[in-house]
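The lines below spell out each chain.
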Amino acid sequence: MAYATGMTLASRCILPICSRTFLSPLRVASLLVFPEKPSSAFFRRVQVPHLFSTSTTPMFSSVKCSIQSTSSLETDNQAVSRSNVVNILEERGLLESITSENLRSACSDPNVAPLRVYCGFDPTAESLHLGNLLGIIVLSWFQRCGHQAVGLIGGATGRVGDPSGKSLERPELDTDTLEKNIAGIKNIIIKILGGNPSSGSSYVIFNNYDWWKDMTILDFLNKVGRFARVGTMMAKESVKKRLESEQGMSYTEFTYQLLQAYDFLHLFKNEGINVQIGGNDQWGNITAGTDLIRKNIQTEEAAYGLTFPLLLKNDGTKFGKSEDGAIWLSPSMLSPYKFYQYFFSVPDVDVIRFLKTLTFLSLDEIKILEDQMSKPGYVPNTAQIKLAEEVTRFVHGEEGLKEAIKATEALRPGAETKLDWNLIERIAEDIPSCSLPIDQVSGLSIVDLSVSAGLFESKSAARRMLKQGGFYMNNERVDDENKRVEEKDIVEGKGLVLSAGKKNKVVVRVS
């Protein structure tokens, strides 16, 4: 999955937990791989054009969060023809490849039971990030079209780490960190997939440690190893790149595709899950799973894979968690206000693409916005506001969106929203702040205070901004450079907000 990283399975890390189980002798198992050339067209890659050019819960237990039973969901949806989710994904630029065109027909055939579709997330961090959001959105599209979404948390695979798209091996994670990360990711998936009524109500969450913790090396050799071929494993793009690199690839990482393949087989046989989705860097891992299923079940076509393009920035790099300023999905790591602000600030060149891929607005609605952008009288950032609202609502819910909008409005220079200290305290987490004693604030020149607080580097810079009409205190414009701070300017006697233009702000706490 790299299981859409937030997770890594180094055998050395697991030894204290299960020294007699499969993960301890993992070094032996990874010499076995999948067949060089699948014997059927089951693995033919079908590519499509797209728009992307550029807790109290035990640590390793599965969490079932199905609000509506699968059987009732099947009964409801088999009676009528379902919207074809593959076609929808293709239209919105969310489809890169599928293992078979039969998946497309199965999605809307009323005689075929609703699909059970999973996406994996490895717990390499406490929160998922913007790069993982596409996986959740694609799962939600399947929900909205009458299928069941399944989230798989890689409590086992997270200890190894998927080498796909990585130039270095992931660091080991200790047990406490893994437990914390698993709980954080589980909560995010539950909140998003279970908190959006329009997306459908059926979802389940599993943890792959549940079936790996008791797997012995002999079991693994029998269930996976005998179907594997080293040549095919070596031919995987992620493996070839790492083998050619200076660092090379560890034996542990080399086994990752086998682990992910068995995950799909286990879910297929025991949970009836027949589709795996992932980013386009997961194609090799996904087809390893469909191949293992085909050979194990002795049927030509029983399980399917689907990949979507990675979410890319303007410079062609993908969003991740290792870069500075990662866009986290957890409100404890990135407030709804800052999350909202990120999408509010998306360049015009990207906003329509993001509306298609990151929201559930109809394409007709998006086309209207796109047309308006090229017409006289278009109000700047109208499309960005819609994008920010839709994505923030999906990730943080209505309450998170209300909080983000309130903070955004309150921090807008010239806004009529009256600032209160509770609001200032919340936004102080997202903008620079400082603490000054009362005698260095009350009665002080506003120009001197702005320099002391770090808003400007010099008094001359502060005066220039003031003359240009861009200097604000508590969102009210300051026109007089001789203005001094009065007691009434200090909000509830606790602090104030200084602004230079629309973006540069500082909270001054009074002690």
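Residues numbered from 1 in each chain as written. Predicted model: local features only at pLDDT ≥ 70, side-chain atom pairs only at ≥ 80, totals over all residues. Heavy atoms only, no water.

Chemist: Hey, could you go over the sheet that holds strand E9 (residues 471–473) for me, with residue numbers and the actual values?
Modeler: Across the sheet, which stays open at both edges, the five strands sit in the order E8-E12-E11-E9-E10 with mixed pairing between neighbours. Looking along the sheet, the strands with just one partner apiece sit at the ends: strand E8 (433–436) and strand E10 (476–477). By the bridge criterion, two bridges tie E9 to E10 in an arrangement that is antiparallel. Directly across from Tyr472, in E10, lies its bridge partner Arg477. (Pairing = 2+ DSSP bridges. Helix = DSSP H or I, 4+ residues; strand = E, 2+ residues; numbered from the N terminus.)

Chemist: Which residues make up the nonpolar core, and what are the values?
Modeler: Considering soluble globular proteins, one finds that nonpolar side chains tend to be buried as a cluster. Core analysis: the largest hydrophobic core is formed by 68 residues, its most contacted members being Phe142, Ile277, Leu306 and Phe343. Other than its neighbours up to four places away in sequence, Phe142 contacts Val85, Leu89, Cys107, Leu115, Val117, His147, Ile277 and Leu306. Formed by 33 residues, the second largest nonpolar core is a distinct cluster that contains Leu152, Trp211, Phe254 and Leu258. (Core = buried A, V, L, I, M, F, W, Y, C linked by side-chain atoms within 4.5 Å. Buried < 20%, exposed > 50% of the residue type's maximum accessible area, 1.4 Å probe, protein only. Contact = heavy atoms within 4.5 Å.)

Chemist: Describe in detail helix H18 (residues 382–410), supporting the description with residues and values.
Modeler: The end-to-end C-alpha distance of H18, which contains 29 residues, comes to just 19 Å, noticeably less than the 42 Å that a straight helix rising 1.5 Å per residue would cover. Roughly 125 degrees is the biggest bend found in H18, and it falls at His396. (Expected span 1.5 Å × (residues − 1). Bend = angle between axes of the 7 residues up to and from the residue.)

Chemist: Outline the pairing of strand E7 (residues 304–308), listing residues and values.
Modeler: Of all five residues making up E7, five are buried, and the element is well covered by its neighbours. Side chains Tyr304, Leu306 and Phe308 project from E7 onto one buried face, and the interleaved Gly305 and Thr307 project onto a second face that is buried too. Taken together, the two bridges between strand E2 (residues 97–98) and E7 define a ladder with antiparallel strand orientation. Following the sheet pairing, Ser97 is matched in E7 by Thr307. Note that strand E6 (residues 275–279) and E7 share five bridges and pair parallel. By the bridge assignment for E7, Gly278 is matched with Thr307.

Chemist: An account of the packing of helix H16 (residues 348–358) against H18 is needed here, citing residue identities and associated values.
Modeler: Running from amino to carboxyl end, H16 crosses H18 at an angle of 35 degrees, the nearest separation of the two axes being 10 Å. Viewed along their axes, H16 and H18 form a crossing whose handedness is left-handed. Within the contact between the two elements, H16 uses Asp348, Val351, Phe354, Leu355 and Leu358 and H18 uses Ala383, Gln384, Lys386, Leu387 and Val391. In terms of residue class, the contact of H16 with H18 is built from seven nonpolar, one polar and two charged. (Axes fitted to C-alpha atoms, helices over the stretch in contact; angles between N-to-C directions. Left-handed = near helix turned anticlockwise from the far one by under 90°. Nonpolar A, V, L, I, M, F, W, Y, C, P; charged D, E, K, R; others polar.)

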